[in-house]
Amino acid sequence: MNLPENYIPIIIQAVVAIGFVGISLLGAHFLGPRQQDSTVNKNKSFECGIESEGDARTPFSIRYFLTAILFVLFDIEIVFFYPYAVNFREFGLEGFLAVTTFVSIFFLGFLYVLKRGALDWDK
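Quick caveat: nothing in here was measured; it's all calculated off a predicted structure.

1. Re the overall build of the protein
Working step 1: Summing up its helical and strand segments, the protein has four helices and zero strands in all.
Working step 2: When the elements of the protein are put in sequence order from the N terminus, they spell out α-α-α-α.
Working step 3: Looking at the protein as a whole, 8% of its 123 residues qualify as buried.
Working step 4: For the protein, the proportion of contacts with a sequence separation of at least 24, taken over those separated by at least 6, is 50%.

2. Topic: a nonpolar patch on the surface
Working step 1: A surface patch of nonpolar side chains, amounting to about 520 Å² of accessible area, comprises Phe107, Leu108, Phe110, Leu111, Leu114 and Leu119.
Working step 2: Along the chain, Phe110 falls in helix 4 (residues 88-116).

3. A look at the nonpolar core
Working step 1: One finds Leu70, Phe74, Phe106, Val113 and Ala118 forming the largest nonpolar core, which totals five residues.
Working step 2: Those elements that place two or more of their residues in this core are helix 2 (62-79) and helix 4.
Working step 3: What Leu70 contacts, discounting residues up to four positions off in sequence, is Val113, Ala118 and Leu119.

So, how was this worked out
In every chain, residue numbers begin from 1 and rise along the written sequence. Note on the predicted model: pLDDT of at least 70 is required for a residue's local features to be given, and 80 or more for side-chain atom pairs to be given and counted; whole-chain, interface and lining totals, by contrast, use all residues. For the side-chain quantities, the full set of heavy atoms in the structure was used; hydrogens and water were omitted. Runs of E in the DSSP output that reach at least two residues are strands. Runs of H or I that reach at least four are helices, and both are numbered from the N terminus. Here's how the labels work: a residue is buried when its accessible area is under 20% of the maximum for its type, exposed when over 50%, partly exposed in between, all with a 1.4 Å probe on protein chains only. Residue contacts are defined here by distance: any two heavy atoms, one from each residue, within 4.5 Å place the two residues in contact. What goes into a patch is any residue over 30% in relative accessible area without a salt bridge, connected to like charges within 9 Å or, for nonpolar side chains (Val, Leu, Ile, Met, Phe, Trp, Tyr), within 5 Å. Each accessible area is a Shrake-Rupley estimate made with a 1.4 Å probe; only the visible protein chains count as cover when residues are assessed. For this analysis, a salt bridge means a side-chain nitrogen from Lys or Arg found within 4 Å of a carboxyl oxygen belonging to Asp or Glu. By convention a nonpolar core is built from buried Ala, Val, Leu, Ile, Met, Phe, Trp, Tyr and Cys residues, the set being connected through side-chain atoms within 4.5 Å.

Right, dumping it as structure tokens:
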């Protein structure tokens, strides 16, 4: 097999990576703890000393998920302000108008969310 010289480091790195994964898996299997006589208490869910209530399939209100999605949406909006804040002098009036349009669209979305009652927990 006649390989170019610049492929040799890549092949060495791949062999080392695959070897590390194999040695790690075998080491975990042979050196890891053995689970022998499992009892009910040992396999029970435990979180910070608080007894668990119900099971993991308890339905949650959609409002929790909606609030999380809205948080991520409006949080990511803030990330887009960073380039503008760093270069606001270079963007000039055109950049200011673009950011103002961006903010106004998100503000209209926020007003829509408020009007629809997505953030009202008392309903």
